[in-house]
Amino acid sequence: MAKRIGVYVCHCGGNISDTVDVEKVVEAIKNYPGVVVAKHFMFMCADAGQKMIEEDIKKYNLDGVVVASCSPKLHEMTFRNCVARAGLNPYLFYHVNIREDVSWAHSDNPEEATKKAIRHVKAGIEYVRHAKPLEKIKVKTIPSVLIIGGGIAGIRAALDLSRMGVNVFLVEKSPFLGGRTAQIWKVFPTGETGKEIVRRLIEELKKRDNIAVYTNAEIESFSGFLGNFTVKIKVYPRYIVKKHPRITEAIKKCPIEVPNEFDYGLTKRKAIYIPYEGAYPDLPVIDMKHCNKCGECVKILGDAVDFNQQPQTITLNVGAVIVATGFDAYEPKEGEFGYKKFQNVITLPQFERILDISNNEEKIMFNGKEVKSIAFIYCVGSRQIPTGPEKVNEYCSRYCCSVTTHLNAELFKKFKDLTIYNIYRDIRTYGKYETYYEEAGRKGAVFIRYDPNDPPQVCAEGDKLLVTVRDLLTNREEIEIPVDLVVLVTGMVARENKKLEDILKLPIGRDGFYQEIHPKLRPVETNIAGILIAGTCQGPRNIQETLASASAAAAKAASIVLRETIELEPLVAFVDPSKCNLSKLCMKECPVNAIQEKEYEGLGVKAWVNEALCIGCGACVAVCPTEAIQLKTLSTDQIRAMIKAMAEEI
Amino acid sequence: MKQANEYDVLIIGAGIAGIEAALTLGDAGYRVLLVEKEGSIGGKMALLSKTFPTLDCASCIATPKMAAAAHHPNITLLTYSEVQEVVKNGEADFSVKILKKPRYVDLDACTGCGICETVCPVIVSDEFQYDMRGRKAAYIPFDIAVPKKAIIDLDNCILCGSCERECPASAIDFTQEPETLEVKVGAIIIATGFKLFSPTLRPEFGYGRCKNVITAMQMDRLLAPTRPYNSVLRPLDGKEPMRIAYILCVGSRDRKVGNPYCSQICCMYSIKQAQLIMGALPLADVAIFYIDIRAFGKGFEEFFNQTQAMGTMFIKGRVIVVEEDKEGNVVVKYEDMDDGGRLKEDTFDLVVLAVGAMPNSDITKVFKNVKIELDEVGWIKQVDPNNNPATTSVPGIFVAGCAAGPKDIPDSIVEADAAAAQCMAYLNEHKYGRKR
Amino acid sequence: MPEEFKPKILIFSTNFISDLAIDLTGLLHRHYPVTTSIIRIPCSSMIRPDIILYAFQCGFDGVFVAADGTDCPFLKDCSDRTAKRIAEAMELLKKHGIEPERLKMSAICSVCVEPFLKHIHDLYEKVKKLGPIKRKPE
């Protein structure tokens, strides 16, 4: 039992000390059993605070340290490392939260808050008194990374890791790589087409010999731990098993025509298809949902077609996983700004497809008519105002203002005599993108600001549309704008991906996008060690930002797998064989089958925990009749001692 | 300190981006030389109060990273040092000269006790408090400085010798000379951050002319836990301001001052400050004059909505001019866009200018035989933004954080990790050829 | 005038989920009864029924288990497992003459500030009405 404990209470520059009387806290615990030194300080986490603790550990020969400061989510590791530097086992340390849990939550009652802080600190001391030194678990890492999602984020991360010498498995659900970027007509700031961006990435990808690409593939199961995951993927049949010189002819011959999802149904594709020229892999796929097995393609392609191809399950071992599954475009409700009610109300992604498909035309054609006037309505599906219990998208989709104002400028460049109205709430062309807003305005685009509580109305007038809106910039004057086309600037929404989320147990934030541990401390890591997130699955972003986050995730994955062994926290269960009566209840309770029987010398067969498998949930602890199984980092004795200390009157 | 003369990566600038890149590279086993021209690492973030949209305190995020960088076995830190010359000899081969400015304090001996500061008789303006308070000629840069060590500012020192006599660690050493280090590195990350727009370039907003007009950076200091005074006070008479106005886009979105870009952070930091002011001065009213509120990042819009609900006034309008009245209050004349652009005026106790971010790219001049391209405003140019945003015009030299353009802390950190990834890939291709 | 009864509530929070919500509650400066104490555990499914009884025996008037719900990074069915333990604990409490209503479990997601506040206030008020435990001699 620790007998020489140091206790350090942080002011957090007033965040704590404005409410909690830190001196009183120190006074109250300095004579507590086991405590030999107790101090308070402005910023424990600062270098000087950490130095003070290190020096005290040596000076007083401390065998336990308690720091009472902010949430352990912020600084537990900071102080663990700090005590380790001074030569103390880092698990003889406890982090007490007296900021979020005390000073901030009870700023209305300083006196009682101080008492609560004292209770919490005493419990922390008890934890340390009963703590045992622990060693980290060393795990050999597998030098491969699995990337889920073959859009630009997944490809960028794959390229970066590959160049670092790391093997990559790139798994894409759809039959082709490239994701949504390929659908974009022109991308700022370079003016390249989306396909061009994808093509350049694919060209690099083709040169790499340590990236294995699986398209038409899904994650089936997932197990293991940081550094050593086992993932089963299921690769669905393509039914085209090899290249053939007459592919184009075979596609032409296919009698089935269905809407091409790549073009949001604006064009048709065959049952055997490549969604666009240059798509990768350059091998078509047969869409079995629609194929009637007429055999026309087989006549041309022969054994390149294999209708008997079966799904294949492949097991991959990887050290880290990057999730880059992207976003869904917001689909407006029927009637939202006339969507689906009027044919010439379309979404921004659909408009991008129209422009891309008719890239060589001199006019914008829609439904056989020339489009000479366009109204963009902004913030459709974003910045929604909650009105009832129904969940709305309160967030801003970030990319749309820059994209649309850039699109304004590009449209003016390409098409003559075009009238463009931008019906917006705030133009959020942050940073350098401001120049697109400026350029759009300079070239004659009209900007009209609407009140979200009095949104524009869209109705038909002849073969035109009439947008009625009150302009906040001209004293809420009601104006009527006749246009040929209304484009709804739709935002990004979290992608439907329940199966994957369930398998990986991905953390999801309030907007439905995947949640990082902390936006500033660990922006691409999740609370599952070894699973990283990149690109728009984390939240709306533009292409440049997506690529940066992909590289960032690659860097973090590299820092796991570039080392041959990594160290894991000893957050695992262990069995005291002398107490175990082999009830086997723990084995039944364990969700990951980490507990097995083992022969102990002199004690016979008892339960035993495989630390590499144990996830440290403690479910076994709750069912053991003899308290033989315990978590290393939090024993039942520790919990009891903490409860007792917290229950005492101050 | 023992200094090697070869490193994998040189990082220029130890703000939050430089620190993050260093930590990621260090964790992956690369040897990093992190060079900072100021006496402490941490950059601008270390001086901020809290950060949007989560309101966690800036020091709480920055200090652990600062401490981790200082203690990392793979990171060598050079503070108060400037990169003077870089020559590219070939791929993954750069020769670098670094000037170590004399601190006149022995870094190993100094304990950061602050006695020299106490005994020093010279008071000058404190640049880390944005001139709202004095510091001594012998000083520790700021409360959470890393390393927390003193510097003697010889330009202002009167050589009285008090510090030398009183230093309990005998750390003061007036014989120190500037020293030039020559090192070889394999790759370089430029993370020199940004400069704040100088508000005197827009004289109509009254900075310097009206006493109670301050910059938002000054307000952030007033709100920070390591603040100059114990409250938010206005400069003229030390009164607690009850009516505070923010003018957004000062020096941003403004071709007149050569900066057509939006500074990307000002809307959100002003909104954040409005929330903090409501905490610090519960009776104060805050009005924000804006053009567009750009709450675009994760959780920003919700934070903006929350601030509106808490009572901050948002007025869409261009401020024409501000004047000082007899009491030293500030009269703001503006066009109210929500009222058809009508000219109005209102009087405030304090006006805060949301000054924009400007390029800080002078470092490119030290590159001798390669040219690092800048964009039209002078930020480091990202030459292939839609393929590999961390690359500059020179292979092997990468850019992270605000050096490439204004951005917030989360974006800076992500970009820093992206630059780290590019260094690892580049070094592996040109130096190590490793396969794991 | 007799001093107002302010029940002492023990809260079990989980490191990765519900403690985040409690952190967030503090971050937003939202208030809840100050006579609470919080112990962080990895997953709510590790709570032993006898530990809950022990808390009451030590002098707590109420216990709130902020469980992980479906967000649990460890177990998908952690709520069900925890619920079993809680049911066992309630039986145990009854045996010892302690009203089982003093024990409350609810899943609190990592951003569930409002639900946390509601549950903790509700439990506090309920226990306040029940008054101090009429303890049976052990």
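All values derive from a computational prediction rather than experimental measurement. (Residues numbered from 1 in each chain as written. Chains lettered and ligands numbered in written order. Predicted model: local features only at pLDDT ≥ 70, side-chain atom pairs only at ≥ 80, totals over all residues. Heavy atoms only, no water.)

Draft legend 1. Structural view of the overall build of chain C. Across its full length, chain C carries four helices and four strands. Listed by position from the N terminus, the elements making up chain C come as β-α-β-α-β-α-β-α. For 138 residues, the compact-globule formula gives about 14 Å, and the C-alpha radius of gyration of chain C, at 15 Å, lands near that figure. For the C-alpha atoms alone, the extent of chain C along its principal axes is close to 40 × 35 × 20 Å. Every one of the 138 residues in chain C was classed for burial, and the buried ones make up 59%. Counting only contacts in chain C whose residues sit at least 6 apart along the sequence, the fraction spanning at least 24 positions is 81%. With an accessible surface of roughly 5500 Å², chain C has 58% of that area assigned to carbon and sulfur atoms. Positive and negative side-chain charges in chain C, numbering 20 and 18 respectively, have mean positions lying 3 Å apart. (Helix = DSSP H or I, 4+ residues; strand = E, 2+ residues; numbered from the N terminus. Rg over C-alpha atoms; globule rule 2.2 N^0.38 Å. Buried < 20%, exposed > 50% of the residue type's maximum accessible area, 1.4 Å probe, protein only. Contact = heavy atoms within 4.5 Å. Areas by Shrake-Rupley, 256 points an atom, 1.4 Å probe, with all protein chains shown as cover. Lys, Arg positive; Asp, Glu negative; His and termini not counted. Charge placed at Lys NZ, Arg CZ, Asp CG, Glu CD.)

Draft legend 2. Fine view of the overall build of chain B. Tallying secondary structure elements over chain B gives eight helices and 22 strands in all. For 436 residues, the compact-globule formula gives about 22 Å, and the C-alpha radius of gyration of chain B, at 23 Å, lands near that figure. Taken over the C-alpha atoms alone, chain B extends approximately 65 × 60 × 35 Å along its principal axes. Restricting to contacts in chain B with at least 6 residues of sequence separation, those with at least 24 account for 67%. On chain B, roughly 15300 Å² of surface is accessible, and the fraction owed to carbon and sulfur atoms is 50%. Chain B carries 48 positive and 56 negative side-chain charges, and their two centres are separated by 1 Å.

Draft legend 3. Structural detail: the sheet that holds strand β9 (residues 217-225) of chain A. Residue and element names in this part refer to chain A. Taken together, the three strands give an open sheet; going across it, the order is β9-β10-β15, and neighbouring strands pair in antiparallel fashion. Strand pairing shows two members of the sheet lacking a second neighbour, β9 and β15 (312-318), which therefore form its edges. Each strand axis lies, on average, 20° off the axis of its neighbour in the sheet, ignoring direction. Strand direction decides the pairing type here: β9 and strand β10 (residues 228-235), joined by eight bridges, are antiparallel. Following the sheet pairing, A217 is matched in β10 by V235. (Pairing = 2+ DSSP bridges. Axes fitted to C-alpha atoms, helices over the stretch in contact; angles between N-to-C directions.)

Draft legend 4. The arrangement of the pattern of salt bridges in detail. Residue and element names in this part refer to chain B. One pass over the structure, following the stated rule, counts 97 salt bridges over all chains. Linking E82 and K101 is a salt bridge whose minimum nitrogen-to-oxygen distance equals 2.9 Å. Of this pair, E82 sits in strand β6 (residues 81-90) while K101 sits in the loop between β7 (93-100) and α3 (115-119), and the two are 19 residues apart along the sequence. According to the relative accessible area criterion, E82 is partly exposed, its value standing at 33%. When its relative accessible area of 24% is taken as the criterion, K101 is described as partly exposed. (Salt bridge = Lys/Arg side-chain N within 4 Å of Asp/Glu carboxyl O.)

Draft legend 5. The sheet that holds strand β16 (residues 285-290) of chain B, seen in detail. Residue and element names in this part refer to chain B. Read across the sheet, seven strands follow the order β14-β20-β15-β16-β17-β18-β19 without closing on themselves; strand pairing throughout is mixed. Sheet topology places β14 (213-215) and β19 (342-348) at the edges, where each strand pairs with a single neighbour. Ignoring which end each strand starts from, the neighbouring axes of this sheet average 40° apart. Relative to strand β20 (residues 350-355), strand β15 (residues 243-250) runs parallel, the two being bridged by five bridges.

Draft legend 6. Expanded view of the nonpolar core. One finds L161 of chain A, I189 and F367 of chain B together with F12 of chain C to be the most contacted residues of the largest nonpolar core, which totals 251 residues. No other element matches helix α8 (residues 409-432) of chain B, which puts 13 residues into this core. Aside from chain neighbours lying at most four places away, what touches F367 of chain B is I12, V86, I188, I190, I372 and I397 of chain B. V483 and F513 of chain A together with I247 and I293 of chain B belong to the second largest nonpolar core, which has 128 residues in total. (Core = buried A, V, L, I, M, F, W, Y, C linked by side-chain atoms within 4.5 Å.)

Draft legend 7. Here's a closer look at the interface of chain A and chain C. On the chain C side, the residues contacting the 47 residues of chain A number 46 residues. Taken together, both faces of the contact between chain A and chain C bury some 4100 Å²; the carbon and sulfur share is 60%. Contact with chain C buries surface across chain A, with K73, W104 and I643 of chain A losing the most and accounting together for 14% of the total. For the interface between chain A and chain C, the tally reads five salt bridges. R640 of chain A serves as the salt-bridge partner of D50 of chain C, at 4.0 Å between the closest nitrogen and oxygen. Inspection of the chain A/chain C interface yields 18 residue pairs in polar contact (both at pLDDT 80 or more). Listing elements by their share of the side of chain A that touches chain C, those giving two or more residues are α3 (72-85), β4 (93-97), α4 (99-103), α5 (110-129), α16 (619-623) and α17 (636-647) of chain A. Counting residues per element, the side of chain A that touches chain C draws most heavily on α17 of chain A, which supplies eight residues. Split into classes, the residues belonging to the side of chain A that touches chain C amount to 21 nonpolar, eleven polar and 15 charged. (Buried area = accessible area lost by both parts, 1.4 Å probe. Polar contact = N/O pair within 3.5 Å; in protein donor to acceptor, adjacent residues only side chain to side chain. Nonpolar A, V, L, I, M, F, W, Y, C, P; charged D, E, K, R; others polar.)

Draft legend 8. Expanded view of the interface of chain A and chain B. On the side of chain B, 81 residues touch chain A, which itself brings 84 residues to the contact. With both sides pooled, the region where chain A packs onto chain B buries about 6900 Å², and carbon together with sulfur makes up 52% of that total. Its largest share of buried area at the contact with chain B, chain A owes to R163, K432 and K520 of chain A, together 12% of the area lost on that side. At the surface where chain A touches chain B, the tally comes to 13 salt bridges.

Draft legend 9. Looking closely at the environment of A420 of chain B. Residues and elements named next belong to chain B. Here A420 shows up in helix α8. What makes A420 buried here is its relative accessible area of 0%. Taking the C-alpha atoms as reference, A420 lies 9.9 Å from Y30; in sequence the two are 390 residues apart. Ignoring any residue separated from it by four or fewer positions in sequence, one finds A420 in contact with A21, T24, L25 and I189.

Draft legend 10. Looking closely at the domain arrangement of chain B. Residue and element names in this part refer to chain B. Partitioning chain B into structural domains gives domain 1 (6-101 + 178-193 + 360-429), domain 2 (115-166) and domain 3 (197-357). In this structure, domain 1 and domain 3 have C-alpha centres spaced 31 Å apart. Of the residues lining the interface, 18 residues belong to domain 1; the matching set on domain 3 comes to 25 residues. Roughly 1800 Å² of surface becomes buried between domain 1 and domain 3 when both sides are summed, with 68% attributable to carbon and sulfur atoms. If you look at where domain 1 meets domain 3, you find zero salt bridges. (Domains from an automatic or database assignment.)

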